[in-house]
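Architecture at a glance
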Amino acid sequence: MAVDTHNREKEACILQFYKIVLSWDYNLILEEAQRQPKRALGVKKVENKYKNVEEYLGTFEPLLFEEVKANIARDKDEDEERVCQEAMVAECGEVNGFHLPMIICSEPEKVSENDLLLVSNKKFEGKIPTAYAFALVEHRQQDKLRLRLFLGNEIIGYNKDKTKSSQRRFSMLPIVREVKKILFVEKEGLSRKSFVLIQGPPGTGKTQTILGLLSAILHATPPRVHSNGGKQVGVKRGPELPIQEKCSHWEKASPWLSGINPRDSIMPVDGDDGFFPTSGNEMKPEVVNSSRKYRVRVLVCTPSNSALDEIVLRILSTGIRDETDHAYSPKIVRVGLKAHHSVQAVSMDYLVEQKLAGMDSQVGDKQKQQGGISKDKDSMRASILDDAVIVFSTLSYSGSTLFSKLNRSFDVVIIDEAAQAVESATLIPLASGCKQVFLVGDPVQLPATVISPVAENFGYGMSLFKRFQQAGYPVQMLKTQYRMNPEIRSFPSKEFYEDSLEDGPDIENQTRRPWHNFRCYGPFCFFDIHEGEESQPSGSGSHVNADEVDFVLAMYSKLVSSYPELKASSRLAIISPYRHQVKLFREKFRSTFGVQSDKLVDINTVDGFQGREKDVAIFSCVRANDTQAIGFVKDYRRMNVGITRARSSVLVVGSASTLRGDDHWKNLIESAEKRNVLFKVSKPYADFFSEASLESMTVVANPESPEDPMEVDDNENAVPIDINGGVDPGEADWGGDDGDGGYDEDGGGDD
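All values derive from a computational prediction rather than experimental measurement.

What counts, and where the lines are drawn
- Residues numbered from 1 in each chain as written.
- Predicted model: local features only at pLDDT ≥ 70, side-chain atom pairs only at ≥ 80, totals over all residues.
- Heavy atoms only, no water.
- Helix = DSSP H or I, 4+ residues; strand = E, 2+ residues; numbered from the N terminus.
- Buried < 20%, exposed > 50% of the residue type's maximum accessible area, 1.4 Å probe, protein only.
- Contact = heavy atoms within 4.5 Å.
- Areas by Shrake-Rupley, 256 points an atom, 1.4 Å probe, with all protein chains shown as cover.
- Pairing = 2+ DSSP bridges.
- Axes fitted to C-alpha atoms, helices over the stretch in contact; angles between N-to-C directions.
- Core = buried A, V, L, I, M, F, W, Y, C linked by side-chain atoms within 4.5 Å.
- Polar contact = N/O pair within 3.5 Å; in protein donor to acceptor, adjacent residues only side chain to side chain.
- Expected span 1.5 Å × (residues − 1).
- Left-handed = near helix turned anticlockwise from the far one by under 90°.
- Nonpolar A, V, L, I, M, F, W, Y, C, P; charged D, E, K, R; others polar.

A few words now on the overall build of the protein. Scanning the protein from N- to C-terminus turns up 24 helices and 25 strands. The buried share of the protein, taken over its 751 residues, is 52%. Here the contacts in the protein between residues at least 6 apart in sequence split such that 78% fall between residues at least 24 apart. When the accessible surface of the protein is split by element, carbon and sulfur atoms take 48% of a total near 35,000 Å².

On to the sheet that holds strand E22 (residues 602–605), then. Strand order in the open sheet formed by 6 strands is E22-E21-E23-E24-E20-E25, with parallel pairing between adjacent strands. The strands lining the two open edges of the sheet, one partner per strand, are E22 and strand E25 (678–680). The sheet shows a mean angle of 20° between the axes of neighbouring strands, direction not considered. Summarising the sheet, strand E21 (residues 572–576) and strand E23 (residues 614–620) pair through 4 bridges and their orientation is parallel. Each bridged residue has a counterpart across the sheet, and for Ile 575 the counterpart in E23 is Phe 619. Relative to the sheet, helix H19 (residues 546–562) contacts strand E20 (524–528), E21, E23 and strand E24 (646–654), its axis offset from that of E24 by approximately 145°.

The next point concerns the environment of Tyr 556. Along the chain, the position of Tyr 556 falls in helix H19. For Tyr 556, a relative accessible area of 0% gives the class buried. Measuring from C-alpha to C-alpha, the distance between Tyr 556 and Ile 618 comes to 8.9 Å, with 62 residues separating the pair along the chain. Residue contacts for Tyr 556: discarding those within four places in its chain leaves Lys 567, Leu 572, Phe 589, Phe 593, Leu 600 and Val 601.

Turning to the nonpolar core, a few remarks are in order. Core analysis: the biggest nonpolar cluster contains 73 residues, and Phe 527, Phe 551 and Trp 665 have the highest contact counts within it. Tallying contributions element by element places H19 first for this core, with 9 residues. Val 43, Leu 64, Phe 195 and Leu 356 belong to the second-largest nonpolar core, a separate cluster that totals 50 residues.

Before going further, it helps to examine the environment of Asn 48. Checked against the element boundaries, Asn 48 lands in the loop between helix H2 (26–35) and helix H3 (53–75). A relative accessible area of 28% means that Asn 48 is categorised as partly exposed. Residues Asn 48 and Leu 464, 416 residues apart in the sequence, show an inter-C-alpha distance of 9.4 Å. Once residues within four sequence positions are removed from consideration, Asn 48 is found in contact with Met 462, Arg 467, Gln 470 and Ala 471. Within polar-contact distance, the side chain of Asn 48 engages the side chain of Gln 470 at 2.9 Å.

Right, let's get into helix H6 (residues 206–219). Over its 14 residues, H6 extends 20 Å from the first C-alpha to the last, a length consistent with the 20 Å expected when each residue adds 1.5 Å. Counting buried residues along H6, 13 of its 14 residues qualify, which places the element largely inside the surrounding structure.

Take the sheet that holds strand E7 (residues 194–199) next. Pairing is parallel across the open sheet formed by 7 strands, whose spatial order is E13-E14-E10-E15-E16-E7-E17. The sheet is open, and its two borders are formed by strand E13 (332–334) and strand E17 (475–477), each paired with just one other strand. The average undirected angle you get between the axes of adjacent strands in this sheet is 20°.

The next thing to look at is the packing of helix H17 (residues 486–496) against helix H23 (residues 663–674). Interhelical geometry of H17 versus H23 gives an angle of 145° and a closest axis separation of 11 Å. For the element pair H17 and H23, the recorded crossing hand is right-handed. Residues Phe 491, Glu 495 and Phe 496 of H17 form the contact with H23, whose own contacting residues are Asp 663, His 664, Asn 667, Leu 668 and Ser 671. Residue composition of the contact of H17 with H23, by class: 3 nonpolar, 3 polar and 2 charged.

What follows deals with the environment of Gly 611. Within the fold, Gly 611 resides in the loop between E22 and E23. Sequence separation of Gly 611 and Arg 645 is 34 residues, and the distance between their C-alpha atoms is 8.0 Å.

On to H23. Across its 12 residues, H23 extends 16 Å between first and last C-alpha, which sits within 8% of the 16 Å expected from 1.5 Å per residue. By the burial criterion, the buried members of H23 are Trp 665, Leu 668, Ile 669, Glu 670, Ser 671, Ala 672 and Glu 673. Structurally, the start of H23 carries an N-cap: the backbone nitrogen of His 664 is 3.1 Å from a side-chain oxygen of Asp 662.

Where H6 meets helix H9 (residues 305–318), the axes come as close as 11 Å, and the angle between the chain directions of the two elements is 65°. When you trace H6 past H9, the crossing you get is right-handed. Only Glu 310, Ile 311, Arg 314, Ile 315 and Thr 318 of H9 make contact with H6, whose side of the interface consists of Thr 207, Gln 208, Ile 210, Leu 211 and Leu 214. Of the residues belonging to the contact of H6 with H9, the class tally is 5 nonpolar, 3 polar and 2 charged.

Next up, the structure:
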């Protein structure tokens, strides 16, 4: 009875949500979006702690609705999201105040379940008709779509006998799933769960740590409990070992927690942008009928498909460890959309097709005649999901109906990149109940993407990880980095991590490169393009800086001509916070080096490089003006990501006078000045890389440490260098911290 009551309450919440969204006026949403208000009626600021569920929901529900509106308004300008077609209404029912028409359209495959459509009895010919309504796609069956509409006083004139329905499509699937979970979050359910927060700064082996967690979770041996007549009498323990022996045993039992950075040991082969290998995997997932015994089931989630596939690929490539420290690939399945071809072997769709192909053909033909193939697929999906010991899914997809059919829930949920997800999305995989939750991420790297200015202004973009951290919840931080040269690590460690990051064994030697013989090639440099000028393409909120593009092109040309090994997209990247600057870079490189330029250098925005790394990263800051306005470039989280993508050299290009208006950028520039690696550059840029100029910037070996040719003079009297490598008399007094710096992309949005 209690269960039925609870289900009815959940259904009532969903119907109420549908009524609210489906009764909105589309034109009013667009008008409101153009005004870009910073607040809205009924919204409250997100707090660190809440007294009860009602207070929690009272904060998040209005913000969630603001984000829904913002997504609808944004999709109006996304041409690839538009699907306009005519349809006929075959039948129409009415339940609980909703109209439920069944329509027949010519291209039903372009519409998906949970899409939000804009429908009307007239065509959309350049403008929206006067009579229209929102409709939610309930389900699709061949060429028919079942819609749900809620027609209030604003929308009239719907006639099921005559209506030809034009549709404009918006994806509501992630939002619907977030709403379901946020409305049903249970105070009692959350309070009994144990959360573990793991912060992984750049290069600290976050993915490797997740593999270690999976190994420990699946194969941790519980203590033997002796019983007497069924009654527990205690745990039998051996003698206490000295701490040195304990550490030795721990290291042998957990080899995944030490060693070199896995990204350095597993190099991509024939990958897309040098990222995903396309060859077959040496290790294969465990067969379904394996006799291996597991004690728990694990759900691993990430905010994006690419981040998810990276973890799946790592397991397929290196496996995890069992009780005997042997590597193997467990029974896993990757569910959801857009699985990369490198992980196809464990994707749900592929496994289902393999099962169907193996069915007896006669049985298959008989079932096809009876229309049973779809039922077979549903049962196969449920069977595969139930049998897997680790299930991989995006946060959004973990709320799909597929998961509601599970025979048993998950014991442990691991969420990677947890700081990049809004809290409502993080709740989705937790709603079914689990014993332990691991949130793995870094609040000082890329944040969650929030479209609504109102929702962003009131804290909707704060992740659950960040909120727990601010509320005083303990966080375990990984402190040893295995990626960057110490000169790169220095600044972000001091600026963002309280100077707590340490270098892995021999990382300095591992990241030393021949081009370090010149100070202008790293490991960390800042190039002050003080004559550069920013501009905005017509009709765009983005920015470009053609002078920085010209300088970077000159730098790249000289660098790869001297060191041909860098002429590969897997080795060198150009990063910028603005999409239009990225576009300009790509056009310039294509016109200079031909259509294959994308194979020579990887050019992308900051968000496009989250979780990735290159030998050399050139960062173009773009902003250059007299008012020191730098827009979202001042986001310290994107700055942190941008300056930590490089293993051996990060080369930052920007206007020092403009960037000094921000404290973090000021500290970075002062750090470059202190280390004598700030270079003032003027036109013509090619002169900066002349043989005479480079000769003046040759690194002189430290006589006290001849084995270290990359050490430079780091004294209090260090001075900026002009285009010829000489002293700039215009600079006199400066301070700064000991560190490094850089910056990154815009994360899909522009300033």
